[in-house]
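# Commentary on secondary and tertiary structure
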Amino acid sequence: MPSFDVVSEADMIEVKNAVEQSQKEIATRFDFKGTGASVEHKENELTVVADSEFQLQQVRDVLTNKLSKRKVDVRFLEDGDIKKVGGDKVKQVIKIKNGIESDDAKKIVRVIKDSKMKVQASIQGDAVRVTGAKRDDLQAAMAMLRKDVPEMPLEFNNFRD
């Protein structure tokens, strides 16, 4: 029986590349010369450090620009609080969300059931498995989810025929 999985995972390799590009641009930009502006990547967290909140926002803009150019959806980013760090520096920790939370998974299942399509959806951990009799039904379900669930960055993988 044909099936696919609905997941929400950022491509961590592309995130790493975007962070490295951001670091290069920050190092070469004139308005960041002599400042402590930086971006660091640790597992599922990005740490942005700058001298002021305005500069922090500029560093974030550089980072989101690089992420979007590398086709990483910025909806994966979850902003943390801006904290003052020794002296006049500020720091913000940005979490990278991976996986579909249970409330969101229930919403996806509800959207599929309410559509009256000939597919079934079931929650499998942090993913939603969609099965159907025909490949065309599954492709229609993918299109419908892209349209009806715009607030989450969804990806479809593990397509089996």
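Here the structure is shown first, and the text comes after it.
All values reported here derive from a predicted model rather than from experimental measurement. (Residues numbered from 1 in each chain as written. Predicted model: local features only at pLDDT ≥ 70, side-chain atom pairs only at ≥ 80, totals over all residues. Heavy atoms only, no water.)

### A few points about the packing of aromatic side chains
All told, the structure shown has 2 aromatic pairs when counted by the stated rule. Ring centres of Phe4 and Phe156 lie 5.6 Å apart, and the angle between their planes is 80°; this geometry places the pair in the edge-to-face category. Linking Phe4 in strand 1 (residues 3-7) with Phe156 in strand 8 (residues 155-160), this pair joins segments that are 152 residues apart in sequence. With a relative accessible area of 19%, Phe156 lands in the buried category. When the ring of Phe4 is compared with that of Phe159, the centres are 6.2 Å apart and the planes differ by 10°; the resulting orientation is stacked. With a gap of 155 residues between them, Phe4 in strand 1 and Phe159 in strand 8 connect regions that are remote in the sequence. Phe159 sits in the partly exposed class, given a relative accessible area of 33%. Joined through ring pairs, the aromatic side chains of Phe4, Phe156 and Phe159 make up one cluster. (Phe/Tyr/Trp six-rings, centres within 6.5 Å; stacked < 30°, edge-to-face > 60°. Helix = DSSP H or I, 4+ residues; strand = E, 2+ residues; numbered from the N terminus. Buried < 20%, exposed > 50% of the residue type's maximum accessible area, 1.4 Å probe, protein only.)

### Topic: the side chain of Asp5
Secondary-structure assignment places Asp5 in strand 1. The exposure class of Asp5 is buried, given its relative accessible area of 9%. A distance of 3.1 Å separates the side chain of Asp5 from the side chain of Asn158, its partner in a polar contact. Those residues in contact with Asp5 that lie beyond four places of it in its chain are Val128, Arg129, Glu155, Phe156, Asn157 and Asn158. (Polar contact = N/O pair within 3.5 Å; in protein donor to acceptor, adjacent residues only side chain to side chain. Contact = heavy atoms within 4.5 Å.)

### A short note on the sheet that holds strand 2 (residues 38-42)
Spatially, 2-3-5-4 is the arrangement adopted by the 4 strands of the open sheet, whose pairing is antiparallel. Strands at the two margins of the open sheet, each flanked by one partner only, are strand 2 and strand 4 (77-85). With direction set aside, neighbouring strand axes in the sheet form an average angle of 20°. Bridge analysis of strand 3 (residues 45-50) against strand 5 (residues 89-96) gives 6 bridges, and the strand direction is antiparallel. Residue pairing in the sheet places Ala50 in a bridge with Val90 of strand 5. On the sheet, helix 2 (residues 53-69) packs against strand 2, strand 3, strand 4 and strand 5 and is oriented at approximately 140° with respect to strand 3. (Pairing = 2+ DSSP bridges. Axes fitted to C-alpha atoms, helices over the stretch in contact; angles between N-to-C directions.)

### Side note on helix 1 (residues 12-28)
Taking 1.5 Å as the rise per residue, helix 1 with 17 residues should run 24 Å; its terminal C-alpha atoms sit 25 Å apart, in good agreement. Among all positions of helix 1, only Val15, Ala18, Val19, Ser22 and Ile26 are buried. In an axial view of helix 1, the angular spread of the buried residues amounts to 100°, which keeps them on one side of the axis. Across from the buried face of helix 1, at angles greater than 90 degrees, the exposed residues are Ile13, Lys24, Ala27 and Thr28. In this fold, the buried residues of helix 1 make contact with strand 2, strand 3, helix 2 and strand 5. (Expected span 1.5 Å × (residues − 1). Arc of directions from axis to C-beta.)

### Points about the pairing of strand 6 (residues 119-124)
Of the pairings in the sheet, the one linking strand 6 to strand 7 (residues 127-132) comprises 6 bridges and is antiparallel in character. When the bridges of strand 7 are listed, Ala121 appears paired with Val130. Connecting strand 6 to the antiparallel partner strand 7 that follows it, the hairpin turn spans 2 residues, and Gly125 within it adopts a positive phi of roughly 70°.

### Regarding the sheet that holds strand 1
Neighbouring strands of a sheet are bound in pairs by backbone hydrogen bonds; such pairs are parallel or else antiparallel. Strand order across the open sheet formed by 4 strands is 6-7-1-8, with antiparallel pairing between neighbours. Looking along the sheet, the strands with just one partner apiece sit at the ends: strand 6 and strand 8. The sheet shows a mean angle of 25° between the axes of neighbouring strands, direction not considered. Relative to strand 6, helix 3 (residues 102-114) is tilted by about 170°, and along the sheet it contacts strand 1, strand 6 and strand 7. Across the sheet, helix 4 (residues 135-148) lies against strand 1, strand 6, strand 7 and strand 8, angled at about 170° from strand 8, the strand it touches most.

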